[in-house]
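Residue-level structural notes
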Amino acid sequence: MTEKAELASLDVAAVLDRAAAGGRITPEEALVLYRDAPLHALGAAADAVRRRKYAGIEHIATYIIERNINYTNVCVTACKFCAFYAAPKDTKKGWTRDLDDILRRCAETVELGGTQIMFQGGHHPDYGVEYYESHFKAIKDAFPQLVIHSLGASEVEHMARISKVSVEEAITRIHEAGLDSFAGAGAELLPARPRKAIAPLKESGERWLEIMETAHKLGVESTSTMLMGTGETNAERIEHLRMIRDVQDRTGGFRAFIPYTYQPENNHLKGRTQATLFEYLRMIAIARLFLDNVQHIQGSWLTTGKEVGQLSLHYGADDLGSIMLEENVVSSAGAKHRSNRLEIIDLIRKAGRTPAQRATTYEHLVVHDDPANDPVDDRVVSHISSTAIEGGTAHPELKLIASN
Ligand code: SF4
């Protein structure tokens, strides 16, 4: 080993020890760990931090049952990585979903034990604050037990512009109408260079954070996300984390951080590579070490696969995300992994953890500590709604599952 390499490895070990012991690390140190720390050592340090953060319940890993409800794919923002949207003029591909259809999907979610809906769609040129107010109110009137964990700063920016109101007013009004928390959608990559390259018409990363900070101050918490693998550098990934940590120091409003990998099909970013699964696991681990002020780190099996999801639980993740009764956005871009509740329970158990179904705010609703008491059916299945992609309103697969 050269002297330079020896020094670098000594630095890595020292920084890793400090991070594992709970010391705050700088963005520069995080970059060194992310790039150079041995994979298993990085994972072990992150797991040590997770165990300490969850002392007493460190054996538990959580999941949630939710449904993504896509209200329209019509969008004026035309992100290059997106396989879901249709331009307003594209009447062949574009569709909108009416309120009756949305409420029926909510009813199915409740019937299958889902607790949360993610209302997710394009930036429709006609949908201002009034659209979201009326829909959230109708959903809450019919299903007060459903948590509306939906949208993100980009939708707020868009609806405020359409309705010609401030983002403060937009957030306050949709919160009063029933929105419980923001899903952190639209973060993509926050640093300017990679964001402009993949989403040139979206608000800047600084603006995205400013709107989230406003929401937190108005009492609306959120999660935070990162889209990995569209050509960003390692330094830009760490910069994304730094931008989130700085806001979190001020607000404490980000409940979770959720990195997920770019899916390369059916979009305009041809030739870009996906992040490797090792890079993804390293991100889970470095997020646990660097984001010392964010409580939950979520593994995303939908885009990386179930085995990687299991591994993420040993690299700092405490949660395996959701069994989505319906998902169309990343599925349109090629995410093919599907699962059901019994399988998720089994995956978590085989990863050495006790599974627990959680609420949006992470309270444990059901702890599956005895296999003899596991749910007896597997009706809670994640899949794509083919009709959402084709533009219809019926949902035959879910009806079949629900009526079995
Ligand atoms: S990611 Fe969202 S904002 Fe961007 S084009 Fe797709 S639907 Fe529109």
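Whatever comes next refers back to the structure up there.
Residues numbered from 1 in each chain as written. Predicted model: local features only at pLDDT ≥ 70, side-chain atom pairs only at ≥ 80, totals over all residues. Heavy atoms only, no water.

As for the packing of helix 10 (residues 234–251) against helix 11 (residues 277–290)
Axes are the key here: two packed helices are described by the angle between their axes and the distance separating the axes. Threshold: Every angle, taken between N-to-C directions, lies between 0 and 180 degrees, and every axis is a line fitted to C-alpha atoms, over only the stretch in contact when it is a helix. Helix and strand definitions follow DSSP, with helices as H or I runs of at least four residues and strands as E runs of at least two, each counted in order from the N terminus. Note: crossing handedness is left-handed where the near helix turns anticlockwise from the far helix by less than a right angle, and right-handed where it turns clockwise. Should any heavy atoms of two residues lie within 4.5 Å, those residues are counted as being in contact.
At a minimum axis separation of 11 Å, helix 10 and helix 11 run at an interaxial angle of 35°. The element helix 10 and its partner helix 11 pack so that their crossing is right-handed. Contacts between helix 10 and helix 11 involve Asn234, Arg237, Ile238, Leu241, Arg242 and Arg245 on the former and, on the latter, Glu279, Met283, Ile286, Ala287 and Phe290.

Some words on the packing of aromatic side chains
For the record, the criterion: Note on aromatic pairs: the rings of Phe, Tyr and Trp (six-membered ring only in Trp) are paired at centre separations within 6.5 Å, and the planes decide the class, stacked below 30 degrees, edge-to-face beyond 60, tilted for the rest. Here's how the labels work: a residue is buried when its accessible area is under 20% of the maximum for its type, exposed when over 50%, partly exposed in between, all with a 1.4 Å probe on protein chains only.
If you walk through the whole model with that rule in mind, you get ten aromatic pairs. Look at Tyr127 and Tyr131: their rings are 3.7 Å apart centre to centre, the planes differ by 5°, and that puts the pair in the stacked class. Each member of the pair, Tyr127 as well as Tyr131, is classed as buried. Seen in terms of ring centroids, Tyr131 and Tyr132 are 5.1 Å apart; in terms of plane orientation they differ by 85°. Their pairing is edge-to-face.

Considerations on unusual backbone geometry
One non-glycine residue, Ala78, lies in positive phi territory at about 50°. Inspection of the secondary structure puts Ala78 in the loop between strand 1 (60–70) and helix 4 (99–111). Phi is positive for Lys164, close to 55°, though the residue is something other than glycine. Structurally, Lys164 is set in the loop between helix 6 (153–163) and helix 7 (167–177).

Observations regarding helix 5 (residues 129–142)
It helps to recall that an α-helix has 3.6 residues per turn; residues three or four apart then point in one direction. This is how it is decided: One fewer than the residue count of a helix, multiplied by 1.5 Å, yields its expected span.
Here helix 5 contains 14 residues, and its C-alpha end-to-end distance of 20 Å stays within 8% of the 20 Å for a straight helix at 1.5 Å per residue. By the burial criterion, the buried members of helix 5 are Val129, Tyr131, Tyr132, His135, Phe136, Ala138, Ile139 and Lys140. Buried residues along helix 5 sit in contact with helix 4, strand 2 (116–120), strand 3 (147–150), helix 6 and helix 7.

Considering the pairing of strand 2
The test is simple: In this analysis, strands are considered paired if DSSP registers two or more bridges between them. Looking down the strands as they point away from the viewer, one classifies a crossover as right-handed if the path from the first strand across the helix to the second runs clockwise.
For strand 2, the buried fraction is high: five of the five residues fall into the buried class. Taking every second residue as pointing to the same face, both faces of strand 2 are buried, with Gln116, Met118 and Gln120 on one and Ile117 and Phe119 on the other. In this structure, strand 1 lies alongside strand 2, joined through five bridges in parallel fashion. Bridging from a neighbouring strand, Arg67 pairs with Ile117 of strand 2. Pairing analysis gives two bridges linking strand 2 to strand 3, with the strands arranged parallel. Bridge pairing in strand 3 links Ile117 to Ile148. Considered for its hand, the β-α-β crossover made up of strand 2, helix 5 and strand 3 is right-handed.

Considering the site of the ligand
Heads up, the rule is: Each residue is tested against the molecule or strand, and it is near if at least one of its non-hydrogen atoms lies within 4 Å. Amino acid classes used here: Ala, Val, Leu, Ile, Met, Phe, Trp, Tyr, Cys and Pro are nonpolar; Asp, Glu, Lys and Arg are charged; the rest, including Gly, are polar.
Residues in contact with the ligand, as listed here, are Cys75, Thr77, Ala78, Cys79, Phe81, Cys82, Tyr85, Gly122, His123 and Lys202. Grouping the amino acids of the shell around the ligand by side-chain chemistry returns six nonpolar, three polar and one charged.

Concerning the environment of Ile244
Mapped onto the secondary structure, Ile244 falls in helix 10. For Ile244, the contacting residues outside a window of four places in its chain are Leu190, Leu209, Ser224, Thr225, Phe254, Phe257 and Leu291.

Some details on the nonpolar core
Our working rule: Grouping buried Ala, Val, Leu, Ile, Met, Phe, Trp, Tyr and Cys residues that are joined through side-chain atoms within 4.5 Å yields what is termed a nonpolar core.
Grouped together as the largest cluster of nonpolar side chains are 104 residues, with contacts concentrated most on Leu33, Tyr132, Phe182, Phe257, Ile286 and Leu289. Element by element, the count of residues in this core is highest for helix 11, at nine residues.

Overview of the packing of helix 7 against helix 9 (residues 205–217)
This is how it is decided: When an angle is under 35 degrees it counts as roughly parallel; over 145 it counts as roughly antiparallel; between 65 and 115 it counts as roughly perpendicular; any other value is oblique.
Across the interface, helix 7 lies against helix 9 with an axial gap of 10 Å and an inter-helix angle of 50°. As judged from the angle between their axes, helix 7 and helix 9 are oblique. Of the two possible hands of crossing, helix 7 and helix 9 adopt the one that is right-handed. Contacts between helix 7 and helix 9 pair Val167, Glu168 and Ile171 from the former with Arg207, Ile211, Thr214 and Ala215 from the latter. Residue composition of the contact of helix 7 with helix 9, by class: four nonpolar, one polar and two charged.

Structural notes on the environment of Arg18
Inspection of the secondary structure puts Arg18 in helix 1 (residues 3–20). Arg18 sits in the partly exposed class, given a relative accessible area of 35%. Put simply, Arg18 and Ala45 are 27 residues apart on the chain and 9.2 Å apart in space, counted from C-alpha to C-alpha. Leaving out residues up to four positions away in the same chain, Arg18 has contacts with Gly23, Arg24, Ile25 and Glu29.

Thoughts on the side chain of Thr225
Inclusion rule: Under this definition, polar contacts are N or O atom pairs within 3.5 Å; protein pairs additionally need one hydrogen-donor-capable and one acceptor-capable atom, and for neighbouring residues in sequence, both atoms have to be side-chain atoms.
Within the secondary structure layout, Thr225 lies in strand 5 (residues 222–228). Overall, Thr225 belongs to the buried group, its relative accessible area being 10%. Only 3.0 Å separates the side chain of Thr225 from the backbone oxygen of Gly184, close enough to count as a polar contact. Those residues in contact with Thr225, other than ones at most four positions away along the chain, are Ala183, Gly184, Ala187, Glu188, His240, Ile244, Phe257, Ile258 and Tyr260.

Topic: the environment of His135
Its place among the elements puts His135 in helix 5. Given a relative accessible area of 9%, His135 falls into the buried group. If near-sequence neighbours (up to four positions away) are discounted, His135 is found in contact with Leu99, Ile102 and Phe119.

Description of the pattern of salt bridges
Let me state the cut-off plainly: Salt bridge, as applied in this entry: a Lys or Arg side-chain nitrogen positioned within 4 Å of an Asp or Glu carboxyl oxygen.
Considering all chains together, one arrives at 34 salt bridges under this definition. Note that Arg50 is salt-bridged to Asp47, the shortest N-O span being 3.0 Å. Within this pair, Arg50 and its partner Asp47 are both found in helix 3 (residues 39–53), separated by three residues, close to a single helical turn. For Arg50, a relative accessible area of 1% translates into the label buried. According to the relative accessible area criterion, Asp47 is buried, its value standing at 10%. A salt bridge links Arg250 to Glu213; the shortest N-O distance between them is 2.8 Å. Remark: Glu213 occurs in helix 9 and Arg250 occurs in helix 10; sequence separation between them is 37 residues. One continuous salt-bridge network, built from bridges that share partners, spans Arg67, Arg97, Asp101, Arg104, Arg105 and Glu108.

None of this, on its own, says anything about what the molecule does.
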